[in-house]
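Each chain is listed here by its residues.
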Amino acid sequence: MIYPFLPDAIYALEPNAHFRINGNFTFENLTWEPHVDKSIIPTEQAIAQKANELEAAYPMVLLREERDKKLTETDWWAMSDRTMTSEQTAYRQALRDLPSTASPTIENGQLSNVTWPTKPE
């Protein structure tokens, strides 16, 4: 089975891991460096579980990244020498609320199933 998040899962479980993956991200293609202490190598089951967790969490990671970009683009609205309009305030609050209200998915490599608030002029 191919695990797109295999390297991330290994590093999440063992930050000092040293390994190579030759080809697709499968356990068959995974080799540990010879100098690695075998006692710190996570089990395949632990790695697979972590890889699946990371893959399931990925849509929310992308949502937060995009949301943060949109907030950054409007940070200047909130500078101390400006007064935001109620529309600007509502927009920024809606962006901050998205992680608790959205159920993002990944389709064709793109974030979907998210209704972004409309940016005021």
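Above this text sits the structure in question.
Residues numbered from 1 in each chain as written. Predicted model: local features only at pLDDT ≥ 70, side-chain atom pairs only at ≥ 80, totals over all residues. Heavy atoms only, no water.

### Let's talk about the overall build of the chain
- Assigned secondary structure in the chain consists of three helices and four strands.
- Overall, the chain shows an N-to-C arrangement of helices and strands of α-β-β-α-α-β-β.
- Taking 14 Å as the expected radius of gyration for a compact globule of 121 residues, we find that the chain reaches 20 Å, considerably beyond that expectation.
- By residue count, 31% of the 121 residues in the chain fall in the buried class.
- Sequence-distant contacts, at least 24 apart, represent 47% of the contacts inside the chain between residues at least 6 apart.
- Accessible surface, the chain as shown: approximately 8100 Å² in total, 50% of it carbon and sulfur.
- Measuring between centres, the 11 positive side-chain charges of the chain sit 5 Å from its 18 negative side-chain charges. (Helix = DSSP H or I, 4+ residues; strand = E, 2+ residues; numbered from the N terminus. Rg over C-alpha atoms; globule rule 2.2 N^0.38 Å. Buried < 20%, exposed > 50% of the residue type's maximum accessible area, 1.4 Å probe, protein only. Contact = heavy atoms within 4.5 Å. Areas by Shrake-Rupley, 256 points an atom, 1.4 Å probe, with all protein chains shown as cover. Lys, Arg positive; Asp, Glu negative; His and termini not counted. Charge placed at Lys NZ, Arg CZ, Asp CG, Glu CD.)

### Focus on unusual backbone geometry
- Although it is not a glycine, Asn108 adopts a positive phi angle of roughly 55°.
- For Asn108, the position within the fold is in the loop between strand S3 (105–107) and strand S4 (110–112).
- One non-glycine residue, Asn113, adopts positive backbone phi at about 65°.
- Of note, Asn113 is situated in the segment after S4.

### Considerations on the packing of aromatic side chains
- For the coordinates displayed, the defined rule picks out six aromatic pairs.
- Aromatic side chains Phe19 and Trp32 sit 5.7 Å apart centroid to centroid with 65° between the ring planes, which places their arrangement in the edge-to-face category. With a gap of 13 residues between them, Phe19 in strand S1 (residues 19–21) and Trp32 in strand S2 (residues 30–32) connect regions that are remote in the sequence.
- For Phe19, a relative accessible area of 14% translates into the label buried.
- Pairwise contacts between aromatic rings join Tyr11, Phe19 and Trp32 into one cluster.
- The side chain of Lys70 reaches across the aromatic face of Trp116, ending 5.1 Å from its centre. (Phe/Tyr/Trp six-rings, centres within 6.5 Å; stacked < 30°, edge-to-face > 60°. Lys NZ or Arg CZ within 6 Å of the ring centre and 35° of its normal.)

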